[in-house]
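# Observations on the three-dimensional arrangement
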Amino acid sequence: MAMTPIPVGSGNPIVAQMKGAVSNVMRMGNQPALRRAMPAILILSVAVLAVGGWLILREPARMVLFPGMAEADKAQVIEALNAAGIAASVDSFTGEIEVATAEYHRARMQLASQGLPTSTPDANAVLTDLPMGASRSVEGARLRQAQELELARSITEISSVSQARVHLALPEKSAFLRDTQAPRASVFLQLAPGRMLEPSQVEAIVNLVSTSVPGMARGDVTVVDQMGRLLSRGSDDPAAVVSDRQLQHRLEVEQLYRERIEALLTPIAGPGNLSVQVTVDMDFTQSQITEERVDPNGTALRSEQSELVESAEPPARGVPGAVANQPPNQAQLQAAGQVPAPTGPQPLAGTITNRSTGTTKNYEVSRTVETTQPATARVMKISAAILLRATPQAPVEEGAEPPPLLPEALKADLERLAQTAIGFDAERGDTITIAAQPFMDEMVMDVPTDFSWVPEVLRQVGMIALVAIVALGIIRPLLTRVVLPGAAAASAMQMGGVAGVEVAAGDSLDDVQARLEARRAKLTSAALGANVSREEKFAVLRQIVAEDPARIASVLQKMMKDDPSAPKA
């Protein structure tokens, strides 16, 4: 393409500068090297612009705000988010409200400040909506739903639980005792990200649900999380509960002893140079001993009773043959303590016919009753193992015995400290083992790989591959046909059969120049043939001028010298 020189007059200098800049740009664009690289530059520019536009305009990853939200709350949530400048959308398949991942926590805080969402309806709302004249079955279903909602709201108050659902299976009451079925319950928990429930929290949920429904046993409550894991034990066996508590107590005691040993030996061995393990053998046998002791020497007289019984037959008295009673004898007063003299006829000796004597004594005997209940968690034996990092040993001479990894004096001191820390008792059979070995510098641990990023990466790679296919399969052929001028020069170069000059290792400057001369000769012979048009010849000449302007200048100078009509300098 021939360039027409732009005359620059004595007009506006700014216009002249602009014309000069345009001329320079056009001259630069006509460079053969730039024209050959133009398709690649355009393709790269289009690809960069496409990727940049896709990154800017692509839809960001979105997250669901509150799964299972009521329809009435969704309208309020969207209105609140739009007022706060947070873009929220409704998923067309699930109907859930979604926001960008980067705005997720900000959206939740914004909604929490306004008291949204109102969460699941409470029992009052369910019972208020109960229609008048509802059947007994509908009323029972509504009552069960209200009870489930209240239990779910109570469980959601636990910090690790974000959402909860409770399903109650309440059988119909039967008049026959043998047909009565126990109620059951299932609890579904949506845990917060990165949180887990402790066994005590699961037991608390089971107890909460079982005690809220009359007649429900703890074993009839099932707790499941969002990963499908069964959190409840599913058994109401007291022995299993006691066994778990005993194991937990044993682990706590071992942890206490281990921490004591580490606290004493770490200042000596240094941080990271000590490993301690403690095993405690405990006896959880429950027994109760009741003992009663009687002291035969410790007696005391409590009461005494004596009894004397006599029976006798008195002799006959009075005047024989008298039929009237005689007056009694005159009373005689006697001094105190004086035995009255017998009056009248005395009974004859041996007239007592029966006599009995009895004595009763009650003694209080000393008695002791003692009830003994030994401790249920007795330590039977303690075994401790202590491993120290061995320090590097200096090289020893050949034949000499290497020094021990742990000096005996240091080992004895460490053993005494460990014995003091755990309350060592030799009669109980306690043992302490101390050893020193070199530690590994790095411990290789198998960490579970998280492949959650794979779908997003595949999506990004797919978009880049699509852009590359469009750029290389459609845009490049179009640019090759439309943008590249000078098709004649290209055909001439193809006819010459030389697209460039290759420089091999060890070639000198003369070899490269010879190859260039051969390339120009082939190009000239191909372009200046009989069937080549004038425009093609001009294109070849312009390419030669652009590649070697110094040679063309020397040729023109030589032609001017040989021209006799040329002015003399």
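Residues numbered from 1 in each chain as written. Predicted model: local features only at pLDDT ≥ 70, side-chain atom pairs only at ≥ 80, totals over all residues. Heavy atoms only, no water.

An unreviewed UniProt entry annotates the protein chain as Flagellar M-ring protein originating from Fuscovulum ytuae. Listed under Sequence similarities (unreviewed entry) in UniProt, the entry text for the protein chain is "Belongs to the FliF family." Taken verbatim from the UniProt record of the protein chain, the Function (unreviewed entry) comment is "The M ring may be actively involved in energy transduction." (UniProt positions renumbered as here; feature names shortened; annotations may be inferred.)

### Let's talk about the overall build of the protein chain
A count of helical and extended segments in the protein chain gives 14 helices and 11 strands. For the protein chain, buried positions account for 19% of its 569 residues. Contacts in the protein chain between residues at least 24 apart in sequence constitute 68% of all its contacts with a sequence separation of at least 6. Total accessible area computed for the protein chain in this model is approximately 41400 Å², and 58% of it derives from carbon and sulfur atoms. (Helix = DSSP H or I, 4+ residues; strand = E, 2+ residues; numbered from the N terminus. Buried < 20%, exposed > 50% of the residue type's maximum accessible area, 1.4 Å probe, protein only. Contact = heavy atoms within 4.5 Å. Areas by Shrake-Rupley, 256 points an atom, 1.4 Å probe, with all protein chains shown as cover.)

### Focus on the nonpolar core
One recurring pattern in soluble globular proteins: nonpolar side chains tend to sit buried together. Of all hydrophobic cores here, the largest spans 23 residues; its most connected members are Y257, I261, V278, I386, L388, I432 and I434. Of all the secondary structure elements, the ones that give two or more residues to this core are α8 (238-269), β7 (274-283), β10 (378-389), α9 (408-422) and β11 (431-437). Discounting residues that sit within four places of it in the chain, V278 has contacts with E254, Y257, R258, I261, I382, S383 and A384. Counting 20 residues, the second largest nonpolar core, distinct from the first, contains A152, A164, L168 and V206. (Core = buried A, V, L, I, M, F, W, Y, C linked by side-chain atoms within 4.5 Å.)

### Topic: the sheet that holds strand β1 (residues 62-64)
The three strands are arranged β1-β3-β2 in an open sheet whose pairing can be described as antiparallel. Every interior strand has two partners, whereas the edge strands, β1 and β2 (88-90), have only one. Recorded for the sheet is a direction-independent mean angle of 35° between the axes of neighbouring strands. With three bridges joining them, β2 and strand β3 (residues 97-100) adopt antiparallel strand pairing. Residue pairing for β3: V90 is matched across the bridge by I97. Across the face of the sheet, helix α3 (residues 71-83) comes into contact with β2 and β3 while running at roughly 20° to β3. (Pairing = 2+ DSSP bridges. Axes fitted to C-alpha atoms, helices over the stretch in contact; angles between N-to-C directions.)

### Quick notes on α3
With 13 residues, α3 ought to run about 18 Å at 1.5 Å a step, and its terminal C-alpha atoms sit 19 Å apart, in line with that. All of the buried residues in α3 are D73, K74, V77, A80 and L81. Mapping the buried residues of α3 onto a view down its axis gives an arc of 135°, with all of them on the same face. Projecting away from the buried face of α3 at angles above 90 degrees are the exposed residues E71, A72, A75, E79 and A83. Tucked into the core, α3 has its buried residues touching β2, β3 and α4 (104-113). Two residues or fewer after α3 comes G85, characterised by a positive phi angle close to 80°. (Expected span 1.5 Å × (residues − 1). Arc of directions from axis to C-beta.)

### Some remarks on the environment of I552
Here I552 is to be found in helix α14 (residues 549-562). The partly exposed category is assigned to I552, whose relative accessible area is 25%. Between the C-alpha atoms of I552 and L541, which are 11 residues apart in sequence, the distance is 9.6 Å. In this view, I552 contacts I544 and V545; residues no more than four positions away in its chain are not counted.

### Things to note about the side chain of E98
Of note, E98 is situated in strand β3. Excluding anything up to four places from it in sequence, E98 contacts R62, M63, V64, A87, A88, S89 and D91.

### Structural notes on α4
What sets the pattern is the α-helix's 3.6 residues per turn: residues three or four places apart point alike. Buried within α4 are the following residues: Y104, A107 and L111. Buried residues in α4, looked at end-on, bunch into an arc of 65°, giving them a common side. Set apart from the buried face of α4 by more than 90 degrees, the exposed residues are H105, M109, A112 and S113. Buried residues in α4 make contact with β1, α3 and β3. At the C-terminal side of α4, G115 shows a positive phi close to 75°.

### Comments concerning the pattern of salt bridges
For the coordinates displayed, the defined rule picks out 11 salt bridges. Ionic pairing is found between D220 and R184, a salt bridge with its closest N-O pair at 3.2 Å. Taken as a pair, D220 in the loop between α7 (199-212) and β6 (221-225) and R184 in strand β5 (residues 184-191) lie far apart in primary sequence, 36 residues in all. Through salt bridges with shared partners, a single ionic network connects E291, R293 and E370. (Salt bridge = Lys/Arg side-chain N within 4 Å of Asp/Glu carboxyl O.)

### Structural notes on the sheet that holds β11
Strand order in the open sheet formed by three strands is β7-β10-β11, and the pairing between neighbours is mixed. The strands lining the two open edges of the sheet, one partner per strand, are β7 and β11. Each strand of the sheet is rotated relative to its neighbour by a mean of 10°, with strand direction disregarded. Relative to β10, β7 is paired through 10 bridges, and the arrangement is antiparallel. Residue pairing across strands places D283 opposite R378, the latter belonging to β10. The strands that α9 touches are β10 and β11; relative to β11, the one it contacts most, it runs at about 140°.

### Observations concerning the confidence of the model for the protein chain
Caution applies to low-pLDDT regions: their predicted coordinates should not be interpreted in detail. Looking at the protein chain, pLDDT values average 75 and 71% of them are 70 or higher. The weakest mean pLDDT in the protein chain belongs to helix α11 (residues 487-496) at 44; the strongest belongs to β6 at 92. Across residues 1-10 the pLDDT falls below 50, and counting only partners more than four positions away or on other chains, this stretch makes seven contacts in the model. Note on residues 483-499: pLDDT under 50 across the span, and 25 contacts to partners over four residues away in sequence or across chains. (pLDDT = per-residue confidence, 0-100.)

### Examining a nonpolar patch on the surface
A cluster of nonpolar residues, L264, I268, L410 and L417, forms a patch on the protein surface that exposes about 300 Å² of accessible area. With respect to the helices and strands, I268 occurs in helix α8. (Patch = residues over 30% accessible without salt bridge, like charges linked within 9 Å, V, L, I, M, F, W, Y side chains within 5 Å.)

### Observations concerning the pairing of β6
Of the two faces of β6, only the one carrying V221, V223 and D225 is buried; T222 and V224 on the other face are not. Summarising the sheet, β5 and β6 pair through five bridges and their orientation is parallel. Bridge pairing in β6 places V187 opposite V223. For the crossover that starts at β5, traverses α7 and ends in the parallel β6, the hand is right-handed. (Right-handed = clockwise from strand over helix to strand, strands pointing away.)

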